[in-house]
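Per-entry structural report
Chain by chain, the residues run as shown.
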Amino acid sequence: MELTGEIAAIRDGRGDPARLIGEFRRAALLVPLADGPEGGLMSAVSGGIRWIYAFTDEEALARFAQARGESGREWEFLSVLGARLVDAVVPTADRPAGVAVNVADADGSMFFPPVAGIVPDGSAVDVVDGVEAA
């Protein structure tokens, strides 16, 4: 099953979290580039967490652009594997970071927070001195 199918299954209460993480890691996600002087990947900070925006396809990215009132401009993006986002990008963030997938889709969004099993232990907020908190 693809990532959007696994997200739907989890949201319906019939999914398998391990399968969801596996599909997320294998998925090629579209990650918009940020405007402004700092550039980089588009993200937002909420609750002390940096959330990197990622989308499963161009239609999901277009819905995000429309929700922001910015559908009239061209959106530059990179195609990045979910595994690369959490294994290579998250550890370089300026604060704990996770990935927000399809955030403009009320019934199809999913957050992958900075916790053990999703991001490397060194970037997980629930790991202290190499030990996962209970």
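In what follows, the accompanying structure is described. (Residues numbered from 1 in each chain as written. Predicted model: local features only at pLDDT ≥ 70, side-chain atom pairs only at ≥ 80, totals over all residues. Heavy atoms only, no water.)

Below, the discussion takes up the environment of Val128. Positionally, Val128 belongs in strand S7 (residues 127-128). Sequence spacing of Val128 and Glu58 is 70 residues, and the spatial spacing of their C-alpha atoms is 38 Å. (Helix = DSSP H or I, 4+ residues; strand = E, 2+ residues; numbered from the N terminus.)

Time to look at the sheet that holds strand S3 (residues 49-54). One open sheet accounts for four strands, arranged S2-S3-S5-S6; its pairing is mixed. Every other strand in the sheet has two partners, leaving strand S2 (43-46) and strand S6 (110-112) as the edge strands with one partner each. Sheet twist, expressed as the average angle between the axes of neighbouring strands with direction ignored, equals 30°. The pairing of strand S5 (residues 97-101) with S6 spans three bridges and is classified as antiparallel. Looking at S6, one finds that Val99 is bridged to Phe112. (Pairing = 2+ DSSP bridges. Axes fitted to C-alpha atoms, helices over the stretch in contact; angles between N-to-C directions.)

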